[in-house]
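# A structural walkthrough
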Amino acid sequence: MMAQWLTAAVFLILMSQSLFDPTSLFAQGGRGMPIGGVSSADLLPVLTVMPREVDFGAIGPGEEAKSVVYLRNVGSGTLEWSTEGPAGWVKLDDQRLSGVVGESPEPVRVQLLFQERNESGKSSDCTLVLSLEGGGRKATFQRVVPMGALREQVRIQSQGGTRTLFLNVRPSEHSATSLLSVEPLHMDFGKVRPGEQATRRIMIRNRGKEPLKWRAVSSGKRRPSMAEQFPRGRYISFQNAATAGSEGFSAAAPFKDTLEFSGTWGLEGGYPATQSGEYATLRYRFTGTGIRLYIQRTPEGDPLLIYLNDQFVTLVDGYSERQARLEVDITENQPDGPHVLGLVSEGGRMVIEGVRIYGKPLLKGPPGWINIFPDSGMTTRETDYVNIVLNAPKEAPGGYAELVHVGSNGGDAVVEVYMDVVADTQPRVLDVHRYLAGSNYLYTTNPQAEASRLQIQGYRSLGIAFRLFAPGTPGTTEFLRWFNPVKGDHFYSSDPAGGGKPLAGYILEGSIGNIATFRLAGTRELYRWYHPASGRHFYTTDQNGEGLGKKGYRFDGIAGFVR
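Residues numbered from 1 in each chain as written. Predicted model: local features only at pLDDT ≥ 70, side-chain atom pairs only at ≥ 80, totals over all residues. Heavy atoms only, no water.

### Quick word on the side chain of Arg356
Filter applied, for reference: Strands are runs of DSSP state E lasting at least 2 residues, helices are runs of H or I lasting at least 4, and numbering of each runs from the N terminus. Residue burial is assigned from relative accessible area. The probe radius is 1.4 Å, only protein chains are included, and a residue is buried under 20% of its type maximum, exposed over 50%, and partly exposed in between. Nitrogen and oxygen atoms within 3.5 Å of one another constitute a polar contact, given that in protein one can donate a hydrogen and the other can accept it, and given that sequence-neighbouring residues count only through two side-chain atoms. Residue contacts are defined here by distance: any two heavy atoms, one from each residue, within 4.5 Å place the two residues in contact.
By the element assignment, Arg356 lies in strand β26 (residues 351-358). A relative accessible area of 4% means that Arg356 is categorised as buried. Side-chain polar atoms of Arg356 contact the side chain of His186, separated by 3.2 Å. One polar contact links Arg356 to Tyr418, side chain to side chain, over a distance of 2.9 Å. Filtering out sequence-adjacent residues up to four positions away, Arg356 remains in contact with His186, Pro231, Arg232, Gly233, Arg234, Tyr235, Gly290, Ile291, Arg292, Tyr294, Glu416 and Tyr418.

### Regarding the sheet that holds strand β17 (residues 259-263)
Put simply, the test is: The pairing criterion is simple: DSSP has to find at least two bridges between the two strands. Comment: axis = line fitted to C-alpha atoms, over the contacting stretch for helices; angle = value between 0 and 180 degrees taken between N-to-C directions.
One open sheet holds the five strands; their spatial order is β17-β20-β25-β22-β23, and the pairing between them is antiparallel. Unpaired on one side and paired on the other, β17 and β23 (311-317) mark the two borders of the sheet. Taking each pair of neighbouring strands and ignoring which way they run, the sheet shows an average axis angle of 20°.

### A short note on the packing of aromatic side chains
We count it as follows: Ring pairs shown here join Phe, Tyr and Trp side chains whose ring centres sit within 6.5 Å, with only the six-membered ring taken for Trp; geometry is labelled stacked below 30 degrees between planes, edge-to-face above 60, and tilted in between. Whether a charge lies above a ring is judged from NZ of Lys or CZ of Arg, which has to be within 6 Å of the ring centre and within 35 degrees of the ring normal.
Counted under the stated rule, the structure contains 22 aromatic pairs. An angle of 75° between the planes, with centres 5.8 Å apart, marks the rings of Tyr70 and Tyr319 as edge-to-face. Placement of Tyr70 in strand β3 (residues 64-73) and of Tyr319 in the loop between β23 and β24 (324-331) is noted, with a sequence separation of 249 residues between them. The exposure class of Tyr319 is partly exposed, given its relative accessible area of 23%. Through a chain of ring-to-ring contacts, the aromatic side chains of Tyr443, Phe466, Phe479, Tyr492 and Tyr539 assemble into a single cluster. The ring of Tyr385 has Arg201 lying over it, and the distance from NZ or CZ to the ring centre is 4.3 Å. Positioned above the aromatic ring of Tyr530, the side-chain terminus of Lys501 is 4.8 Å from the ring centre.

### Considerations on the confidence of the model for the protein
Our working definition: Per-residue confidence from the predictor is given as pLDDT, running between 0 and 100.
In this model, the protein carries an average pLDDT of 82, and 86% of its residues clear a pLDDT of 70 or more. In the model of the protein, helix α2 (residues 22-25) stands out as the element of lowest mean pLDDT, 38, in contrast to strand β40 (residues 536-540), which has the highest, 96. Low pLDDT, under 50, characterises residues 1-41; the predicted model gives this stretch 76 contacts beyond four residues in sequence or across chains. Per-residue pLDDT stays below 50 along residues 223-228; that stretch engages in seven contacts with residues further than four places along the chain or on separate chains.

### Describing the pairing of strand β7 (residues 106-114)
A regular strand places its side chains on the two faces of the sheet in alternate fashion. Judged by which residues are buried, β7 turns out to be one-sided: Glu106, Val108, Val110, Leu112 and Phe114 face inward and are buried, whereas Pro107, Arg109, Gln111 and Leu113, on the alternate face, are not. Both β3 and β7 contribute to a ladder of eight bridges, which runs antiparallel. Counted as the bridge partner of Glu64 is Leu113 from β7. Inspection of the sheet shows β7 paired to strand β8 (residues 125-134) by six bridges, in the antiparallel sense. Opposite Gln111, over in β8, you have Ser131 as the bridge partner.

### Observations concerning unusual backbone geometry
A cis amide bond links Met50 with the next residue in sequence, Pro51, at an omega value of -5°. Counting through the fold element by element, Pro51 comes out in the loop between β1 (47-50) and β2 (53-59). Here Glu183 and Pro184 are connected by a cis peptide whose omega angle stands at -10°. Counting through the fold element by element, Pro184 comes out in the loop between β12 (180-183) and β13 (186-192). Positive phi, close to 55°, is recorded for Asn309, a residue that is not glycine. We classify Asn309 as partly exposed; its relative accessible area is 34%. One non-glycine residue, Asp310, lies in positive phi territory at about 65°. On the secondary structure map, Asp310 appears in the loop between β22 (303-308) and β23.

### Overview of the sheet that holds strand β5 (residues 90-91)
What the six strands build is an open sheet, ordered β1-β3-β7-β8-β9-β5; its pairing is antiparallel. Two strands close off the open sheet at either side, each with one partner strand: β1 and β5.

### Some points on the nonpolar core
In plain terms, the rule: Only buried Ala, Val, Leu, Ile, Met, Phe, Trp, Tyr and Cys residues count toward a nonpolar core, and they belong to the same one when joined by side-chain atoms within 4.5 Å.
One finds Phe56, Leu71, Trp81, Leu112, Leu128 and Leu167 to be the most contacted residues of the largest nonpolar core, which totals 30 residues. Each residue touching Phe56, except ones within four places of it in the same chain, is listed here: Ala65, Lys66, Ser67, Val110, Leu112, Leu167, Asn168 and Val169.

### A look at the pattern of salt bridges
The criterion, for reference: Salt bridges are identified by distance alone: a Lys or Arg side-chain nitrogen within 4 Å of an Asp or Glu carboxyl oxygen.
Counting across every chain of the model gives 25 salt bridges. Between Arg292 and Glu327 there is a salt bridge, and its shortest N-O distance comes to 2.7 Å. One end of the pair, Arg292, is in strand β21 (residues 290-297); the other, Glu327, is in strand β24, with 35 residues separating them in the sequence. Judged by its relative accessible area of 17%, Arg292 falls in the buried class. In this structure Glu327 comes out as partly exposed when scored by relative accessible area, which is 39%. It is possible to trace a salt-bridge network through shared partners that takes in Arg292, Arg325, Glu327, Asp329 and Glu353.

### Observations regarding the environment of Met187
Structurally, the position occupied by Met187 is in strand β13. Classification of Met187 as buried rests on a relative accessible area of 4%. For Met187 and Val415, which are 228 residues apart along the polypeptide, the C-alpha to C-alpha distance reads 7.4 Å. Filtering out sequence-adjacent residues up to four positions away, Met187 remains in contact with Arg200, Arg201, Ile202, Ile388, Val415, Glu416, Val417 and Tyr418.

In structure tokens:
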């Protein structure tokens with residue numbers, strides 16, 4: 001760990017003075033990057049604070065919240081630091097918080113207490129006590145603050161620069177024995193054609209002990225102050241639900257020309273994840289005026305190097321005592337045009353969720369374009385799933401955004417929702433993903449909508465098998481899917497009656513797309529194979545059945561024509 005920090009520290013100083021050369025660095029394959037003959041003895045002390053922002057969430061009377069931040073010296077020698085605490089707070093002791101940072105990071109423990117309220121005090125105010133402990137010393141501060149969101153700054157001085165630690169907390173009049181947790185807080189619906197409908201789900205959990213009562217409403221139906229809010233920049237998720245059950249990450253089709261990976265990448269929750277002990281890089285091409293990065297830090301996290309247009313920007317600490325989300329502002333004031341974001345990990349485990357692109361115009365959806373169900377509930381331990389349904393506007397293609405407010409007796413949360421409505425200029429083809437659980441093959445064109453089923457029933461991804469057509473494509477018809485829970489078999493046909501096949505015990509699950517009933521330009525046969533002993537079916541464009549004839553499968557006809 002320490003060797004990696006020294007390497008990263010030297011690299012940080014050097015790269016802040018030179019261009020990032022992807023042909024040399026990205027091809028290194030790991031450690032031992034050239035440092036131009038500069039030794040660590042030539043470097044000055046440089047102070048970093050990680051994380052630079054702590055969110056304590058909601059706390060009520062008598063409750064406390066704790067966190068730990070780390071002071072690091074990414075230069076040479078030793079670094080002396082001190083702090084007077086946040087401005088406007090009353091110091092309760094004579095201790096002066098200070099210390100020395102050498103080769104090892106210096107922990108500073110942060111504790112925030114909401115003092116029991118006094119009946120004589122104003123109902124809109126509360127007393128907070130802040131304790132900072134580091135360098136073998138402890139300093140305590142106090143302040144009376146109003147209820148609601150509070151953001152404080154703690155300036156830390158040193159001969160290696162002055163850094164600011166940000167503290168966020170939401171004092172609540174009631175004890176936070178019910179505590180709201182909502183995931184995800186950003187939803188990317190991707191590209192949708194005018195008039196189409198898309199559905200995603202958010203999860204609502206109670207992190208407290210008492211029952212949590214919640215209600216969800218879109219910004220268009222909420223009070224004016226909420227409706228006036230609007231997201232800045234377009235959030236883009238790197239999640240690929242089609243990789244469920246896979247061992248490694250692969251980018252979804254929309255990122256074919258913009259997202260590039262090298263090295264070893266794992267998979268976590270559908271997101272790309274760097275791996276402990278493995279070198280990995282990511283390059284993302286975007287157009288706009290700036291970008292913000294969203295990652296999840298872990299106990300196995302290490303430094304993550306960030307570049308913009310092949311120029312080193314900053315180093316982010318990927319370490320956290322427990323897995324936690326982090327937003328990294330990279331830039332907002334670049335010329336509007338094409339840019340490249342570069343990430344380099346030398347061996348720590350981090351999850352890369354996505355980015356926010358600035359400079360992209362966003363539109364408000366028309367009244368009634370978003371539906372939420374269920375829109376209210378109560379939970380103690382179980383997870384509540386809420387469906388967010390967007391009806392793509394028919395009038396004007398473009399980028400759309402919406403805010404969904406989740407209010408509760410255990411805090412509030414705002415979910416940002418994004419969709420790109422694209423003009424329908426040509427027939428569209430749909431990727432058909434093949435999954436396998438045991439001997440049961442499942443084909444779907446919408447793995448995101450079926451993500452829960454795929455995960456719960458243990459399906460693993462086998463990749464894209466073929467392509468179907470979008471509904472309404474001339475010369476095509478619906479390709480229907482049935483499921484037999486006794487046999488554990490999925491059956492597909494363009495004939496609602498099954499094309500002469502006995503469907504006793506099969507349950508119709510609907511259409512997965514359209515299939516050509518005759519050979520269209522650029523299409524090929526989709527062959528159906530059947531296993532008489534198990535009663536299961538298999539579909540492929542390979543006339544040899546991908547070798548399954550040796551496992552008892554027999555050719556069973558042509559189901560139609562596909563891409």
